[in-house]
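What the coordinates show
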Amino acid sequence: MRDGRASFGLALAGAVAIALCVANPHALSAQEWSGSEGSTTAGPSLKDYLEQVGPDAKLIAHGELKLDGKGVNCGKRPTVLNPNFDSWGGAFPGFLILNTKKISGLSTQVKLYIYSHECGHQFIGADETQADLFAIRRGVKWGWLDAQGMEDICTFISQLKGDGVHPPGPQRCETMRKAYRELIGSGGQQATGSAAAPKAQTLGPAQ
Ligand SMILES: [Zn+2]
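1. Considering the overall build of the protein chain
Across its full length, the protein chain holds 7 helices and 6 strands. The order of helices and strands in the protein chain, counted from the N terminus, is α-α-β-β-β-β-β-β-α-α-α-α-α. Of all 207 residues assigned to the protein chain, the portion counted as buried reaches 32%.

2. Topic: the sheet that holds strand β4 (residues 79-81)
Read from one edge of the open sheet, 4 strands run β1-β4-β6-β5, paired in mixed fashion. Two strands in the sheet have a free side with no partner beyond their single neighbour: β1 (58-60) and β5 (89-92). Mean inter-strand twist for the sheet, computed between neighbouring axes without regard to direction, equals 25 degrees. Across 3 bridges, the pairing between β1 and β4 is antiparallel. By the bridge assignment for β4, L59 is matched with V80. Contacts from helix α4 (residues 108-124) reach β5 and β6 (95-98), with the element oriented near 15 degrees to β5.

3. Regarding the environment of K111
Turning to its location among the elements, K111 is positioned in helix α4. In this structure, the C-alpha to C-alpha distance between K111 and G89, residues 22 residues apart in sequence, is 9.4 Å. Those residues within four positions of K111 in sequence are excluded, and the remaining contacts are L67, D68, I103 and L106.

4. Structural notes on the packing of helix α6 (residues 147-157) against helix α7 (residues 169-185)
Where α6 meets α7, the axes come as close as 8 Å, and the angle between the chain directions of the two elements is 165 degrees. Considered as vectors, α6 and α7 are oriented roughly antiparallel to each other. Between α6 and α7 lies a crossing of right-handed hand. Taking contact as the criterion, the partners of M150, I153, C154 and I157 in α6 are, on α7, G169, R172, C173, M176, R177 and Y180.

5. Remarks on the confidence of the model for the protein chain
With 70% of its residues at a pLDDT of at least 70, the protein chain reaches an overall mean of 81. Ignoring residues within four places in sequence, the model shows residues 8-28, a span with pLDDT below 50, making 27 contacts including any to other chains. Between residues 190-198, whose pLDDT stays under 50, and residues either more than four places distant or in other chains, the model counts 6 contacts.

6. Digging into α6
Given 3.6 residues per helical turn, the α-helix brings residues three or four places apart onto the same face. Every buried residue of α6 is accounted for by M150, I153 and I157. When α6 is viewed along its axis, its buried side chains cluster within an angular range of 60 degrees and face the same direction.

7. Describing the nonpolar core
Residues L96, I97, Y113, Y115, I136, I153 and M176 are the most contacted members of the largest nonpolar core, which totals 32 residues. Among the secondary structure elements, those contributing two or more residues to this core are β5, β6, α4, α5 (128-142), α6 and α7. Per-element accounting of this core gives the leading share, 7 residues, to α4. Once residues lying within four places of it in the same chain are set aside, the contact partners of M176 are D132, L133, I136 and I153.

Scoring rules and cut-offs
- Residues numbered from 1 in each chain as written.
- Predicted model: local features only at pLDDT ≥ 70, side-chain atom pairs only at ≥ 80, totals over all residues.
- Helix = DSSP H or I, 4+ residues; strand = E, 2+ residues; numbered from the N terminus.
- Buried ≥ 20, exposed ≤ 12 C-beta atoms within 10 Å, placed from the backbone.
- Pairing = 2+ DSSP bridges.
- Axes fitted to C-alpha atoms, helices over the stretch in contact; angles between N-to-C directions.
- Contact = placed C-beta atoms within 7 Å.
- Parallel < 35°, antiparallel > 145°, perpendicular 65-115°, else oblique.
- Left-handed = near helix turned anticlockwise from the far one by under 90°.
- pLDDT = per-residue confidence, 0-100.
- Arc of directions from axis to C-beta.
- Core = buried A, V, L, I, M, F, W, Y, C linked by C-beta atoms within 7 Å.

Shown next as structure tokens:
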């Protein structure tokens, strides 16, 4: 309970901080992956963004977004599906952006990672490493991230070069891999190893 209240308080503080910054927009490029992900400290309103992007964009209300059939949310924030966005995903104060075209070939866990990374920006601000760690924590806590998914994320991210705000992809992979191992190792929600694998139904007692 204490944890829940604490993270709610944190989330609220983050939301307020982001909301305050909306009044002072000077950078219109969205917090991003390859350098132009967007900004969670300044940016257009949802309405303005939709007008800028035009008819190709699609607004998905809170609670309605599914990635490969899996429902996702980021508090009460909506998501704009923008096939022309210059990265896989992005974040502006109060809403997320996904490039449906770019993410379409990725595995489900990589898609969930991208969405969760962008969601992380909503709570923890512009820090790219913290947004990555937010996504990994969420994946373990909510049960969608397993060892295979962690490998998929590393394969995906390791192709990316770093820039002024993003560490090089291989380094991001290592940071997330380490966090994943710690979360699993510290009695995280996920069972590991064959000992925890469900036993197959058999016809009769072992011979
Ligand atoms: Zn980011």
